[in-house]
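Fold and geometry: a report
Listed here are the chains, written in short residue letters.
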Amino acid sequence: MLASANKSASSAANSAASSAAGSTASSASGSASGSAANKAKSKAAGSTASSAASKPNETFANHEIFAHKLFVNGKVYTLAKEGEYVSAFAVRDTKILATGSDEDIRRIPAKEIIDLQGKTVLPGFIETHCHMADFAEDLAKVNLESARCIDDIVNLLKAQLENTPSDGWITGYQANLLLLKEQRLPNRYDLDRVSTEIPVFISSIDKHNFIVNSKALALSKIDERFLGAPEAKFLEFDANGKVTGRLKEHGMLHYINNIKPSVFNNDASMLAYLETSLKDFAAKGYTTVHSFGGFNQSALEQPKAYQKLEATGRLPLRIILNNEPGVNRPELLTSGFGTEKVKYGAVKFFIDGSLMQWSAYLKDDYSDKPGYRGLLVKNQEELAEAINEAYDNGNDIAAHAIGDGAIDVFLDIVEKIKAADTSWDYSKSSSYSYFKEATGDNTSVTNGMLYELIKHEADEATGDNTSVTSSHTYSQHACNHHTYSHHTCNHQQLFRLIHCTLSRPDQWERIAKLGVIIDSQPVFIPLVATLGRQRLGNKRANHMLAFRSWIDKGIIVTAGDDAPICDHNPFVGIRSAVLREDGFNGEQLNAKERVSVYEAIQMYTVNAAICSHEQDSKGCIQPGKLADFIVIDKDVFQIPAKDISNTKVLATYLGGVLQEVRP
């Protein structure tokens, strides 16, 4: 009888995507538990508290496990509703079993009780756009972010000469045009001052511009013969028709990648760098990371490396690989293929470049470069053909688009695809319906089936036949596969617009109508605010990263950090979304586009889960969802926004298991 009840409760819990309702889910109840939590004086360390501080339920030894762990005495923001928090929750296997007050959660028989010592708990963050391969490989390169002039770049690279074998390369990253005195990137002749015998290869901070010295050009056979060829748009030529060593975008990189050796000595070295990188992200509060293909077609852009780490217990977060067509991805594998820890996501496409070197594709001319609108990486016909093929194969589509001209190109393609696909259901692609499913906010059943099963089994296990307090209620998500049919059953494919840095009000309407998700990077604001005014003028710059307008239009907006390009601390991104400060002068970039702290955190949690069809398992702390959560040292909802970026992650849990991510 008990085993049967256990099985039923587990099944109900795993299918429910709901959170505590009534007073257990209200901030009034939370305030009571918060008050008790505020009395806790001990410091959080490691897992924030050991289970030694609290004994397991006395009856547990004689009964089958009902919950593996109880987390109590915390301020646990569920993210299902603004302001909603509870003080405790139970974890069974890898999922949240129940949420509620300390008193009620402690009634559930459990193997271990963990005291949160009054600390704040949030759902684990989901990084919706970064480049994990680049991040790991950059650890083995020369960091140029401290350079303030081209001489600095030359000297930083020269310092690596004595450690570089005669057949090796010197590689660097993070050359920042905006910080250099010359206000230009170096050229081949500047890098020849490092060496004329050793190839030199560096990338700019945006990873859209690359510079090589004369030796690298000679080895790769990139020279003036390309003048007039289709690939010439990816090169820069001087007045004499000679290549300057500056490579635009990724169009010429295969010539370099074919001859440049790996930065890693062997597979063990590669895995060590990857593990270090993943632990860094987990330590920042990420429990899921969407990694996108970089410029070098690295071995780290395929599942094998992550699977090796998982097999040896060294994978501290969940990884979703979003590759370009034909790059480290078998053609017949579609989005979602894989496991809960390692899977394929969307197929990625580049439409344009970046604002840094005028390669973002605009509808109108650049303000500081009249007569020029940027470039398309592929022409619209080629791009449409490739996207259609990936979509027809059953994949989600993610497209890099910085400029409003590139966004027009993508929306035109999406519109035609949806018009031709008679199976598309627009009622299932609206932001409102997605959000309701992600939070379980569509059917509330107080004292519903999930609660009754929990109470029944708990009473059997403890011998307690008393009724639970009337104030303790649960809501149960109506999960009979009708509301999730287009995700878990029919798997309606998603379109994701990456960056969307400059967009226009007329485009916001189209994006909302087409159900396109925007994967934004709030941390871009400090970097591009001044640059945007230079390149675009004040009027267009005010439409950059228009979070408030997007959300008000009903668009699903997610957040990431595009690491290694920008700081991968999500709390820095949250501050940026809330304050919109220019990193150079502190001025706000159109304060009307600010969002609340809750909305900013939603972008990293609730909304982020949607872009991989995982809103039924991630994004909130609710029964049935994965126990991916973080413990932090501040209540970010109660402190000044300027202090949010100083928030520290004390512990990161994946599937209810504390991850060892710190030295």
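Data block above holds the structure.
Each value, and the rule that gives it
- Residues numbered from 1 in each chain as written.
- Predicted model: local features only at pLDDT ≥ 70, side-chain atom pairs only at ≥ 80, totals over all residues.
- Heavy atoms only, no water.
- Helix = DSSP H or I, 4+ residues; strand = E, 2+ residues; numbered from the N terminus.
- Buried < 20%, exposed > 50% of the residue type's maximum accessible area, 1.4 Å probe, protein only.
- Core = buried A, V, L, I, M, F, W, Y, C linked by side-chain atoms within 4.5 Å.
- Contact = heavy atoms within 4.5 Å.
- 1 Å grid on protein atoms, 1.4 Å probe; cavity = no way out; pocket = protein on both sides within 12 Å on 5 of 7 lines; lining within 4 Å.
- Points joined across faces, edges and corners; volume = space filled by probe spheres on them.
- Nonpolar A, V, L, I, M, F, W, Y, C, P; charged D, E, K, R; others polar.
- Expected span 1.5 Å × (residues − 1).
- Arc of directions from axis to C-beta.
- Polar contact = N/O pair within 3.5 Å; in protein donor to acceptor, adjacent residues only side chain to side chain.
- Patch = residues over 30% accessible without salt bridge, like charges linked within 9 Å, V, L, I, M, F, W, Y side chains within 5 Å.
- Areas by Shrake-Rupley, 256 points an atom, 1.4 Å probe, with all protein chains shown as cover.
- Salt bridge = Lys/Arg side-chain N within 4 Å of Asp/Glu carboxyl O.
- Lys, Arg positive; Asp, Glu negative; His and termini not counted.
- Charge placed at Lys NZ, Arg CZ, Asp CG, Glu CD.
- Pairing = 2+ DSSP bridges.
- Axes fitted to C-alpha atoms, helices over the stretch in contact; angles between N-to-C directions.
- Parallel < 35°, antiparallel > 145°, perpendicular 65-115°, else oblique.
- Left-handed = near helix turned anticlockwise from the far one by under 90°.

Once that is clear, we can look at the overall build of the protein chain. When helices and strands are counted, the protein chain shows 22 helices and 27 strands. Relative to its 663 residues, the protein chain shows a buried fraction of 61%.

Now for the nonpolar core. A general feature of soluble globular proteins is that nonpolar side chains tend to end up buried together. Leu-157, Tyr-306, Phe-410 and Trp-550 are the most contacted members of the largest nonpolar core, which has 134 residues in total. Apart from the residues lying within four places of it in its own chain, the contact partners of Tyr-306 are Met-132, Leu-274, Leu-278, Leu-300, Leu-315, Ile-319, Leu-321 and Val-342.

What follows covers empty space enclosed by the protein. Considering all chains together, one arrives at three cavities of 30 Å³ or more under this definition. When its volume is computed, the largest cavity comes out at roughly 270 Å³. Lining the largest cavity we find 26 residues, and of these Asp-206, His-208, Ser-354, Asp-562 and Ile-565 sit closest to its centre. Secondary-structure elements contributing two or more residues to the lining of the largest cavity are β19 (347-350) and α18 (524-541). Ranked by the residues each element gives to the lining of the largest cavity, the list is headed by α18, at four residues. Within the lining of the largest cavity, the residues separate by chemical class into 11 nonpolar, 10 polar and five charged.

Here helix α12 (residues 380-392) is 13 residues long and its end C-alpha atoms lie 18 Å apart, about the 18 Å a rise of 1.5 Å per residue gives. Residues of α12 that are buried: Leu-383, Ala-386, Ile-387, Ala-390 and Tyr-391. An end-on view of α12 places all buried positions within 135° of arc, on one side of the element. Exposed residues lying more than 90 degrees from the buried face of α12 are Glu-381, Glu-385 and Asp-392. In this fold, the buried residues of α12 make contact with β19, β20 (397-401), α13 (404-420) and β22 (495-499). The opening residue of α12, the one whose side-chain oxygen lies 3.1 Å from the backbone nitrogen of Glu-381, is Asn-379. One or two steps after α12, the chain reaches Gly-394, where phi turns positive at roughly 95°.

So, about a negative patch on the surface. A contiguous patch of negative charge, built from Glu-331, Glu-381, Glu-382, Glu-385, Glu-389 and Asp-392, is present on the exposed surface. Turning to its location among the elements, Glu-382 is positioned in helix α12. Looking at Glu-382, the relative accessible area reads 43%, which means it is partly exposed.

Once that is clear, we can look at the sheet that holds strand β25 (residues 629-632). Read from one edge of the open sheet, six strands run β4-β3-β8-β25-β26-β27, paired in mixed fashion. The open sheet has two free edges, formed respectively by β4 (85-86) and β27 (657-658), since each of these has just one partner strand. For strand β8 (residues 120-123) and β25, the ladder comprises four bridges, and the chain directions are antiparallel. By the bridge assignment, Leu-122 is partnered in β25 with Ile-630.

Let's shift gears to the pairing of β25. Side chains of β25 alternate between two faces, with Phe-629 and Val-631 and Ile-630 and Ile-632 buried alike. Examined bridge by bridge, β25 and strand β26 (residues 649-654) share four bridges and lie antiparallel to one another. Looking at the pairing, Val-631 lines up with Ala-651 of β26.

It is worth spelling out the packing of α12 against α13 at this point. Close contact between α12 and α13 brings their axes to 10 Å; oriented N to C, the two are set at 45°. The angle between α12 and α13 places the two elements in the oblique class. With respect to the hand of their crossing, α12 and α13 are arranged in right-handed fashion. Across from Gln-380, Leu-383, Ala-384, Ile-387, Asn-388 and Tyr-391 in α12, the residues of α13 making contact are Val-409, Phe-410, Asp-412, Ile-413 and Ile-417. Residues belonging to the contact of α12 with α13 are distributed by class as follows: eight nonpolar, two polar and one charged.

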